[in-house]
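Understanding the architecture of this molecule
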Amino acid sequence: MAKHETPLLDQLESGPWPSFVSDLKQQAEVRAKNEAGIEFQMPQDCCEDLLGVLELSYKHGRTHWKHGGIVGVFGYGGGVIGRYCDQPEMFPGVEAFHTLRVNQPAGKYYTTKYLRDIMELWNRRGSGLTNMHGATGDIVLLGTTTPQLEEIFFELTHRLNQDLGGSGSNLRTPADCLGQSRCEFACYDTQDLCHFLTNEYQDELHRPAFPYKFKFKFDGCPNCCVASIARSDMSFIGTWKDDIRIDQDAVNKYVENDPAYPPEGGAHKGSRDWGEFDIEKEVIDLCPTHCMKFENKKLYIDDANCTRCMHCINVMPRALKPGKETGCSILIGAKAPILDGAQMGSLLVPFMPVNAENDYEEITDLIDKIWDWWMEEAKNRERVGELLKRQGFQKLLEVTELKALPQHVQYPRENPYVFWREDEVPGGFTRDIKEFRKFHQR
Amino acid sequence: MSDLLNDKEAATKAVVDFIKAKSKTKSKFYFKDFAKVFPDDKLRAIKKVINQMVKDEVLEYWSSGSTTMYGLAGQGKQHASEGEE
Ligand code: SF4
Ligand code: SF4
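Description of the structure in this document. Note that this is a predicted model, so its numbers are computed, not measured.

Observations regarding the pairing of strand β12 (residues 298-301) of chain A
All names here are of chain A. Residues Leu299 and Ile301 point to one face of β12 and are all buried, whereas Lys298 and Tyr300, pointing to the other face, are not buried. Of the pairings in the sheet, the one linking strand β11 (residues 292-295) to β12 comprises 4 bridges and is antiparallel in character. Residue pairing in the sheet places Met292 in a bridge with Ile301 of β12. Linking β11 back to β12 in an antiparallel pair, the connection comprises 2 residues, with Asn296 at a positive phi of about 50 degrees.

Here it is in structure tokens:
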């Protein structure tokens, strides 16, 4: 029988969706039976106590976790998040229940051996509960005690060749889509750039000195599979400069409803009867900038007005491809809702070459300028997006030494005034009054 | 780099004195608070020195998970007595 009665949690299992409560119960049972004969270094009944404290939180309508503390591993200022239960007598198994963030590999590629090794370690030295993956992208290991932290860190780094991720006021673990390894839409090698910058900025990842968190995310194309545009302080989105490549024969196959050319790559096939494919309704009319037309069996795209939204390419992947001159757009300042509500990234660089040959020099130069500005100017706990709002986009252009471009303009300005800086005005803001009076009476 | 930041002993003393002077009201500090101790230096230079002090166990990190702060090693409030005297 379960250690604690959990009627409120049991109710959560009755819904139509898979329930984390069922998962916790399953893991509690696995630990109780211990058929694998694991030498547990963490209380065997920690999952039962976790269910118990959660039930109590629902009953009281308040949390029973204290968070924060000095837990960490030697030399690292991140990667471990301290959690302590404030009812340790009732729930000794979760008195300390710290979280570890483990830096996931680029593109989240694993071998089964790697996953088994991680789980062997985590079942032995932790609760065995994981979150694959956290919002930042890390493998999240949920629940261990303070004495286990260094042991786990040692085994991870020495035996499994695996580093911790970021937490606190650090660079957080960079995350990417699987990019060119599997996806034909990818406009640059997201995995290489993600891996390179993770190594390049190890010090920023592990030794906190930022005003707050900072996230990089890498999407190979504007489909934004890792949601970089909404969830990273600096987002790198693959794009192209030249024209969308069109295979007119293939376009016509789509139009003729050839079964080998299902729209959306067949992704929605079978869910219901979508009827015949209609290029006008499903592609042309949905182009956000109305820059396409289909006439006399020919598709025309006015590429100068295409915003690279990917819609037409997603619908007809066998007929359309991104152009060949590829790179990335860089956006600044997205964040999830905390203080000021959610915020999307602002476009800073419309096109940046992604060049591994010079160690991504253009990109690292830009990052360094942005960090210097943010570290100097931001208040404590101010994200770069909030600083951008407070000091203005013009300031960001100044510190990054970039010129204003039409792509930076969101809508025509509402304010007729122009603010000049003193160095932009011939002679500055001081004037010789005598000289002035020669031409103008009082 | 300023002479103060360059001189490990003097820099450590300056940071410890700064923290002790405020110890009645605070035990945890944001990284940026140390900018006042080294007004002539770049934050990224200060970072190296402050983090060395953590390695040398003069200072220690305190983390809430989302924010990291610094305090004297072994001093100040730990998780068990956060927010209480
Ligand atoms: S973001 Fe684009 S390139 Fe990356 S996986 Fe998604 S569709 Fe492919
Ligand atoms: S990518 Fe989007 S904006 Fe560009 S042509 Fe296709 S639908 Fe229109």
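Points about the site of ligand 1
Taken together, A:Cys177, A:Cys183, A:Phe185, A:Ala186, A:Asp219, A:Gly220, A:Cys221, A:Asn223, A:Cys224 and A:Cys225 make up all the residues around ligand 1. Here the residues of the shell around ligand 1 sort into 7 nonpolar, 2 polar and 1 charged.

Observations concerning helix α13 (residues 384-391) of chain A
Because an α-helix completes one turn every 3.6 residues, residues spaced three or four positions apart along the sequence face the same direction. All of the buried residues along α13(A) are A:Val384, A:Gly385, A:Glu386, A:Leu387 and A:Leu388. Considering only its buried residues, α13(A) is in contact with β14 (326-332), β15 (346-352), α12 (361-377) and α14 (393-400) of chain A.

Side note on the site of ligand 2
Residue and element names in this part refer to chain A. Near ligand 2, the surroundings consist of 13 residues, among which Cys287, Cys306, Cys309, Met310 and Cys312 are the closest. With respect to the detected pockets, ligand 2 is housed in the largest cavity. Its residues assigned to classes, the shell around ligand 2 comprises 9 nonpolar, 3 polar and 1 charged.

As for the packing of aromatic side chains
Residue and element names in this part refer to chain A. All chains considered together, the criterion is met by 24 aromatic pairs over all chains. Aromatic side chains Tyr110 and Tyr114 sit 5.5 Å apart centroid to centroid with 10 degrees between the ring planes, which places their arrangement in the stacked category. For Tyr110, a relative accessible area of 24% translates into the label partly exposed. When the centroid spacing of 5.3 Å and the interplanar angle of 50 degrees are considered together, the rings of Phe214 and Trp374 count as tilted. Placement of Phe214 in the loop between α7 (202-206) and β8 (216-219) and of Trp374 in helix α12 is noted, with a sequence separation of 160 residues between them. Assessed through its relative accessible area of 0%, Phe214 is described here as buried. Residue classification places Trp374 among the buried residues on the basis of a relative accessible area of 0%. Each member of the aromatic cluster is reached from another via a ring pair, and the members are Tyr201, Phe210, Phe214, Phe216, Phe218, Phe236, Trp371 and Trp374. Directly above the aromatic system of Tyr212 lies the positively charged group of Lys213, at a separation of 5.6 Å from the ring centroid. Over the ring of Tyr300 we find Lys293; its NZ or CZ atom is 5.5 Å from the centre of that ring.

Here's the deal with the layout of surface pockets
Residues and elements named next belong to chain A. In this structure, the largest pocket occupies an estimated 1,900 Å³ of space. Forming the walls of the largest pocket are 44 residues, and the residues nearest its centre are Phe393, Gln407, His408, Val409 and Gln410. When contributions to the lining of the largest pocket are tallied by element, the ones reaching two or more residues are β9 (234-240), β14, β15, α13 and α14. The residue inventory of the lining of the largest pocket, partitioned by class, reads 23 nonpolar, 14 polar and 7 charged. When residues of the lining of the largest pocket are sorted by domain, at least three fall in each of domain 2 (175-241 + 325-408) and domain 3 (245-321).

Quick notes on the packing of α12(A) against α14(A)
Residue and element names in this part refer to chain A. Interaxial distance between α12 and α14 falls to 9 Å at its minimum, and their mutual angle equals 125 degrees. Taken together, the axes of α12 and α14 lie oblique to each other. Of the two possible hands of crossing, α12 and α14 adopt the one that is right-handed. Mapping the contact onto sequence places Leu366, Lys369, Ile370 and Trp373 in α12 and Lys395, Leu396, Val399 and Thr400 in α14. Here the contact of α12 with α14 is composed, by residue class, of 5 nonpolar, 1 polar and 2 charged.

Here's the deal with unusual backbone geometry
Residues and elements named next belong to chain A. The omega torsion of the bond from Met132 to His133 falls at 0 degrees, within 30 degrees of zero and hence cis. Its place among the elements puts His133 in the loop between β5 (129-132) and β6 (139-142). Positioned with a positive phi, Asn296 is a non-glycine residue whose angle comes to about 50 degrees. Checked against the element boundaries, Asn296 lands in the loop between β11 and β12. Classification of Asn296 as exposed rests on a relative accessible area of 75%. Positive phi is not limited to glycine here, since Asp359 has a value of about 55 degrees.

Details of the sheet that holds β9(A)
Residues and elements named next belong to chain A. Ordered by their spatial adjacency, 5 strands build an open sheet running β7-β8-β9-β14-β15, and the pairing between neighbours is mixed. This sheet does not close on itself; its edge strands, each paired only once, are β7 (175-176) and β15. The sheet contact formed by β9 and β14 spans 7 bridges and is antiparallel. Residue Trp240 lies in a different strand from β14, and its bridge partner there is Thr326. Of the strands in this sheet, β7, β8 and β9 touch helix α6 (residues 190-200), which is tilted by about 165 degrees from β8.

Here we look at the sheet that holds β6(A)
Residue and element names in this part refer to chain A. Read across the open sheet, the 4 strands follow the order β2-β4-β6-β5; overall the sheet is antiparallel. Both edges of this open sheet fall to β2 (80-81) and β5, since each of them pairs with a single strand only. Here β5 runs beside β6; their pairing, made up of 4 bridges, is antiparallel. Paired with Thr130 across the bridge in β6 is Leu141.

Cut-offs used in this document
- Residues numbered from 1 in each chain as written.
- Chains lettered and ligands numbered in written order.
- Predicted model: local features only at pLDDT ≥ 70, side-chain atom pairs only at ≥ 80, totals over all residues.
- Heavy atoms only, no water.
- Buried < 20%, exposed > 50% of the residue type's maximum accessible area, 1.4 Å probe, protein only.
- Helix = DSSP H or I, 4+ residues; strand = E, 2+ residues; numbered from the N terminus.
- Pairing = 2+ DSSP bridges.
- Near = heavy atom within 4 Å.
- Nonpolar A, V, L, I, M, F, W, Y, C, P; charged D, E, K, R; others polar.
- Contact = heavy atoms within 4.5 Å.
- 1 Å grid on protein atoms, 1.4 Å probe; cavity = no way out; pocket = protein on both sides within 12 Å on 5 of 7 lines; lining within 4 Å.
- Sits in = over half its atoms within 2 Å of the grid points.
- Phe/Tyr/Trp six-rings, centres within 6.5 Å; stacked < 30°, edge-to-face > 60°.
- Lys NZ or Arg CZ within 6 Å of the ring centre and 35° of its normal.
- Points joined across faces, edges and corners; volume = space filled by probe spheres on them.
- Domains from an automatic or database assignment.
- Axes fitted to C-alpha atoms, helices over the stretch in contact; angles between N-to-C directions.
- Parallel < 35°, antiparallel > 145°, perpendicular 65-115°, else oblique.
- Left-handed = near helix turned anticlockwise from the far one by under 90°.

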